[in-house]
Amino acid sequence: MASVSSDEWRAICDKFTNAQNLTVVESLNDPDNDPFRSKYKARELLREIYCSLKSFEAGEGEEESGGETGESGEQLPVEAPVDGQTEEAFSQGFCGDSPAGLRAAKLGAVEYYLGVNHVDTEELSAGQEHLMNSMKLLGRCRVSSENVSLFIHARNQLGILWAGRDETETAQGFLETAESIYQRYMKEDGSPPTDMADYFSTEENQLTHQERTKRFELAYTHTMYYLAQVYKNLGETERAAIYCHSTLQRQLKLNQFSPMEWALNAATLSQYYITKGRYMEGRHCLSAATVISGLAGEVPSEAAAQESETESERREQLRQKRAEIARCWIKYCLNILQDSKKLLEDSIGELDTDRQEEMKRGRRLEEEEEEKERKSAMLFGSEDTFDSIASLEEKVRCLLPMDFTEARAIFLVGQHYVTQAKEYFQMDGYVTDHIEILQDHSSLFRSLAFYEEDLDRRCKMHKRRVDMMEPVCMELNSKYYLMIRRQMMFELAETYNEMMDLKLTLANRQDETESLDSHTIKKFNNLCSASAKYFQMFLDSLCSPEGKQPEHLEEEVLRPALVARFRVARLYSRLICTSPPGQVENLDKSLEHYKYVVDYCDSHPEAVATVETELELSREMVGLLPLKINRIKAKIPANN
């Protein structure tokens with residue numbers, strides 16, 4: 001091979017530098033009507049480099065093996081390498097530092113850059129061909145410090161290419177081989193490997209060992225990132241989460257990340273941990289997301305945004321992504337409260353105090369120690385951010401709350417992030433998002449109410465839910481937001497029903513020996529009627545424009561519709577009325593709704609499994625109510 005100080009070699013190095021500059025820098029300024037102009041120019045330079053290398057190094061008299069030809073006629077092995085055979089990659093072929101090995105690596109690098117170039121210009125088949133040519137050239141060599149970086153980069157790119165074609169398992173093969181190559185190289189060698197750019201750099205421009213190591217580690221970080229996507233698409237969610245977590249750790253360690261993108265990815269990962277009940281990991285991801293998002297700086301003011309398009313875009317991006325992270329915090333607080341409620345509630349949904357005491361006693365120091373051990377394996381952060389992340393974590397519990405005080409602390413954190421999220425996702429412009437946040441806020445109140453022993457305060461919490469939901473529900477246009485409006489109607493109906501039960505229980509406790517006074521009866525009946533009204537509004541939303549009830553209920557509304565009918569029947573039967581004709585009228589309406597549930601299930605047997613309990617009670621009431629109605633009717637003439 002010619003000396004690196006020769007004019008010919010310097011010319012090759014200059015062309016490579018120019019090609020990289022065209023690809024990375026100049027291409028950003030290409031016009032919309034010629035978006036790949038710079039990359040086409042870079043392609044021509046890469047082709048010239050390939051031709052020069054072939055002629056430049058062929059003069060060395062190296063023997064070429066027969067086979068197909070690559071760019072400009074370079075001969076390649078006949079068979080493409082089979083990915084997954086890591087052992088052969090380390091034990092067969094030319095030594096990486098031999099003239100033949102270095103020659104194959106340089107030609108393979110040019111094929112790699114040509115492949116990436118064609119993929120960037122949306123010529124995927126040509127890109128694949130060049131990348132496979134690079135793989136074939138490398139197939140002649142053993143993995144070594146001179147070529148391991150190229151081994152991994154080529155497989156990363158092929159993994160991306162096949163994933164983009166929805167050929168997930170093919171992509172998996174390339175990426176898992178890249179992972180195996182990295183792991184074995186680090187175990188057996190571990191020295192800073194040659195970077196691909198060093199193949200075409202003069203001696204004075206060679207990268208330092210530290211820079212080589214960082215680039216190599218970044219390449220492997222990309223491997224892990226792409227594998228996380230692959231495993232997610234294959235439905236291997238736990239494996240995907242592990243790789244995503246490791247990717248985020250490595251990005252911080254290498255200081256190669258965009259703060260807001262990193263933060264949003266960490267917040268998204270938290271949602272996986274939350275659904276698995278792993279609140280310590282979820283809290284850590286969210287705390288890190290909040291701290292790292294702060295590295296993006298302050299949100300530009302409205303005045304600054306009006307004066308500069310760049311500042312306007314930055315303001316929008318920062319506000320939106322921070323609001324999305326706030327929504328992830330809301331889900332964290334809501335889920336931990338709901339999971340605790342499931343463990344502590346009895347058969348009728350009330351707090352089981354015996355179970356509560358048992359779980360409190362079950363908290364051992366070993367649990368805390370176990371969490372510390374788990375935590376040490378998944379920490380995010382650097383010297384600059386670790387303390388800030390840890391400080392934020394201390395403000396939020398990761399253990400399930402056992403009483404009102406603990407639950408309230410989590411509730412207040414969730415409510416703080418509700419306010420933050422609503423600042424961006426306002427009703428004007430983000431109707432669906434705004435309402436989802438309202439629903440989460442309502443659910444936070446509902447979860448907190450479970451722990452509240454004071455029934456009057458619990459009732460006031462449900463009143464807060466009504467106050468935030470009712471005006472929005474009435475304002476929504478059913479033509480555009482029918483499904484959302486139905487959800488809100490059903491929730492309002494259930495909330496009024498809970499308030500009604502609480503008021504009656506409270507009144508009975510306060511005056512157990514006397515009958516209810518007129519004020520209490522009026523309040524109870526108002527709540528009962530409000531609940532029935534919203535259930536009926538939900539049922540009316542299922543009707544045709546002419547007001548006709550559907551003969552067949554779709555699967556997504558089957559259970560809600562039949563439950564609403566059942567609830568309305570119960571509500572009419574519970575209305576307190578001193579007038580016998582009024583009692584008969586209410587019971588007739590109750591019987592009508594009970595009969596609907598029974599008749600629908602009789603004519604649609606597939607519906608029975610969805611409302612077994614409600615159907616059993618409805619059949620019973622259809623048999624009992626006529627007797628009760630007739631007894632009341634029998635008294636009416638005598639009263640008159």
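Here is what the cut-offs are and how they apply
- Residues numbered from 1 in each chain as written.
- Predicted model: local features only at pLDDT ≥ 70, side-chain atom pairs only at ≥ 80, totals over all residues.
- Heavy atoms only, no water.
- Helix = DSSP H or I, 4+ residues; strand = E, 2+ residues; numbered from the N terminus.
- Buried < 20%, exposed > 50% of the residue type's maximum accessible area, 1.4 Å probe, protein only.
- Contact = heavy atoms within 4.5 Å.
- Areas by Shrake-Rupley, 256 points an atom, 1.4 Å probe, with all protein chains shown as cover.
- Salt bridge = Lys/Arg side-chain N within 4 Å of Asp/Glu carboxyl O.
- pLDDT = per-residue confidence, 0-100.
- Expected span 1.5 Å × (residues − 1).
- Axes fitted to C-alpha atoms, helices over the stretch in contact; angles between N-to-C directions.
- Parallel < 35°, antiparallel > 145°, perpendicular 65-115°, else oblique.
- Left-handed = near helix turned anticlockwise from the far one by under 90°.
- Nonpolar A, V, L, I, M, F, W, Y, C, P; charged D, E, K, R; others polar.

Examining the overall build of the protein
From N to C terminus, the protein includes 24 helices and zero strands. The buried share of the protein, reckoned over its 640 residues, is 47%. At a minimum sequence separation of 6, the contacts of the protein that also span at least 24 residues come to 71%. For the protein, the accessible surface area stands at approximately 32300 Å², while carbon and sulfur atoms represent 47% of it.

A few points about the pattern of salt bridges
Tallied over the entire structure, the rule returns 35 salt bridges. A salt bridge links E494 to R567; its shortest N-O distance comes to 3.6 Å. Residue E494 is located in helix α20 (residues 478–510), and its partner R567 is located in helix α22 (residues 555–574); the two are separated by 73 residues in the primary sequence. For R619, the salt bridge is made with D602, and the minimal N-O distance between the two is 2.7 Å. Of this pair, R619 sits in helix α24 (residues 612–639) while D602 sits in helix α23 (residues 580–603); the two residues are 17 residues apart in sequence, bridging distant segments of the chain.

Quick word on the confidence of the model for the protein
Per-residue confidence for the protein gives a mean pLDDT of 89, with 90% of residues at or over 70. Low pLDDT, under 50, characterises residues 61–68; the predicted model gives this stretch 18 contacts beyond four residues in sequence or across chains. Across residues 72–82, confidence stays below pLDDT 50; counting only partners more than four residues off in sequence or on other chains, it has 37 contacts.

Digging into α22
For α22, with 20 residues, the first-to-last C-alpha span of 30 Å sits near the 28 Å given by 1.5 Å per residue. Among the residues of α22, those classed as buried are V557, L558, A561, L562, V563, A564, R565, F566, V568, A569 and L571.

Some points on unusual backbone geometry
If you check the backbone angles, E122 has positive phi at about 65 degrees while not being a glycine. Note that E122 resides in the loop between α4 (99–120) and α5 (124–138). Residue classification places E122 among the exposed positions, given a relative accessible area of 64%. The backbone phi angle of N255 is positive, close to 55 degrees, even though this residue is not glycine. Along the chain, N255 turns up in the loop between α9 (237–254) and α10 (259–275).

Some remarks on the packing of α9 against α10
Contact geometry of α9 with α10 gives a least axis separation of 10 Å together with a crossing angle of 150 degrees. With respect to α10, the axis of α9 lies roughly antiparallel. Relative to α10, α9 is oriented so that their crossing is left-handed. Seen from α9, the contacting residues are T237, E238, A241, C244, H245, L248, Q251 and L252; seen from α10, they are W262, N265, A266, L269, Y272 and Y273. Looking at the contact of α9 with α10 residue by residue, the class counts come to nine nonpolar, four polar and one charged.

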